[in-house]
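Observations on chain architecture
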Amino acid sequence: MSIKTLAGKIGMDYESVIEDFCGDVSSLKDALKAFASSGDGERLGKAVAADDAEAVRKEAHRIRKSAEKLGLEDLRKAAARLEEASEDKTAADYAHLADIYGPAVRAIEEEGL
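A quick note: this is a predicted structure, and the numbers were derived from the prediction, not measured.

**As for helix 7 (residues 90-111)**
For helix 7, spanning 22 residues, the distance from its first C-alpha to its last is 31 Å, which sits close to the expected 32 Å at 1.5 Å a residue. Its axis deflected by about 25° at Ala98, helix 7 carries its strongest bend there. When we look at burial in helix 7, the residues that qualify are Thr90, Asp93, Leu97, Tyr101, Gly102, Ala104, Val105, Ala107, Ile108 and Glu111. In this structure, the buried side of helix 7 is in contact with helix 1 (3-10), helix 3 (25-37), helix 4 (40-49), helix 5 (53-69) and helix 6 (73-83). Immediately beyond the C-terminal end of helix 7, within one or two residues, lies Gly112, with a positive phi of roughly 70°.

**A few points about the pattern of salt bridges**
The full count for this structure, using the stated rule, is twelve salt bridges. Between Arg43 and Glu59 there is a salt bridge; the shortest N-O distance is 3.4 Å. Highlighted residues: Arg43 in helix 4 and Glu59 in helix 5, separated in sequence by 16 residues. Residue classification places Arg43 among the partly exposed positions, given a relative accessible area of 34%. You can call Glu59 buried: its relative accessible area is 6%. Among the ionic pairs, Lys65 bridges to Glu68, the shortest N-O distance being 3.5 Å. Here Lys65 and its partner Glu68 are both found in helix 5, three residues apart, which amounts to about one turn of the helix. The partly exposed category is assigned to Lys65, whose relative accessible area is 39%.

**Brief notes about the packing of aromatic side chains**
Counted under the stated rule, the structure contains one aromatic pair. When the centroid spacing of 5.5 Å and the interplanar angle of 70° are considered together, the rings of Phe35 and Tyr101 count as edge-to-face. With Phe35 in helix 3 and Tyr101 in helix 7, this residue pair connects regions lying 66 residues apart in the sequence. Judged by its relative accessible area of 4%, Phe35 falls in the buried class.

**Some remarks on the nonpolar core**
Nonpolar side chains tend toward joint burial in soluble globular proteins. Residues Ile10, Leu28, Leu32 and Leu97 are the most contacted members of the largest nonpolar core, which totals 34 residues. Sorting elements by how many residues they give to this core places helix 7 first, with six residues. If near-sequence neighbours (up to four positions away) are discounted, Leu28 is found in contact with Ile3, Met12, Val17, Ile18, Phe21 and Leu70.

**Focus on unusual backbone geometry**
Glycine aside, the phi torsion of most residues is negative, and most peptide linkages are trans. With a phi angle near 50°, Cys22 is a residue other than glycine that sits in the positive phi range. By the secondary structure assignment, Cys22 is in the loop between helix 2 (14-20) and helix 3. A residue is classified by how much of its surface remains accessible, and Cys22, at 70% relative accessible area, is exposed. With a phi close to 55°, Asp51 is a non-glycine residue in the positive phi region. If you trace the backbone, Asp51 turns up in the loop between helix 4 and helix 5.

Definitions and cut-offs
- Residues numbered from 1 in each chain as written.
- Predicted model: local features only at pLDDT ≥ 70, side-chain atom pairs only at ≥ 80, totals over all residues.
- Heavy atoms only, no water.
- Helix = DSSP H or I, 4+ residues; strand = E, 2+ residues; numbered from the N terminus.
- Expected span 1.5 Å × (residues − 1).
- Bend = angle between axes of the 7 residues up to and from the residue.
- Buried < 20%, exposed > 50% of the residue type's maximum accessible area, 1.4 Å probe, protein only.
- Contact = heavy atoms within 4.5 Å.
- Salt bridge = Lys/Arg side-chain N within 4 Å of Asp/Glu carboxyl O.
- Phe/Tyr/Trp six-rings, centres within 6.5 Å; stacked < 30°, edge-to-face > 60°.
- Core = buried A, V, L, I, M, F, W, Y, C linked by side-chain atoms within 4.5 Å.

Right under this line is the structure:
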């Protein structure tokens with residue numbers, strides 16, 4: 001599968017991202033691989049489970065910045081929402097983010113980048 005096909009599966013704005021990476025597909029593959037293997041989602045889940053608001057904000061911020069760089073707009077929005085969430089909305093906002101993050105990471109891993 002090509003990165004362009006993968007982009008469609010994970011909600012990536014391929015044209016914009018390839019422009020940001022100056023057409024360097026190899027660097028884009030490396031960035032996708034780093035994103036998928038970062039462990040950010042696992043750390044975020046642990047922070048939510050521990051009810052650690054500061055760690056939740058930190059990990060949501062990290063995911064938001066990565067999603068922004070990779071043109072993953074839905075994920076960026078979900079992470080931004082969690083980053084700003086009040087404590088009573090953290091669980092729901094985390095669940096929404098996880099519904100986007102998990103499938104994106106699995107698709108990248110399945111691609112074998």
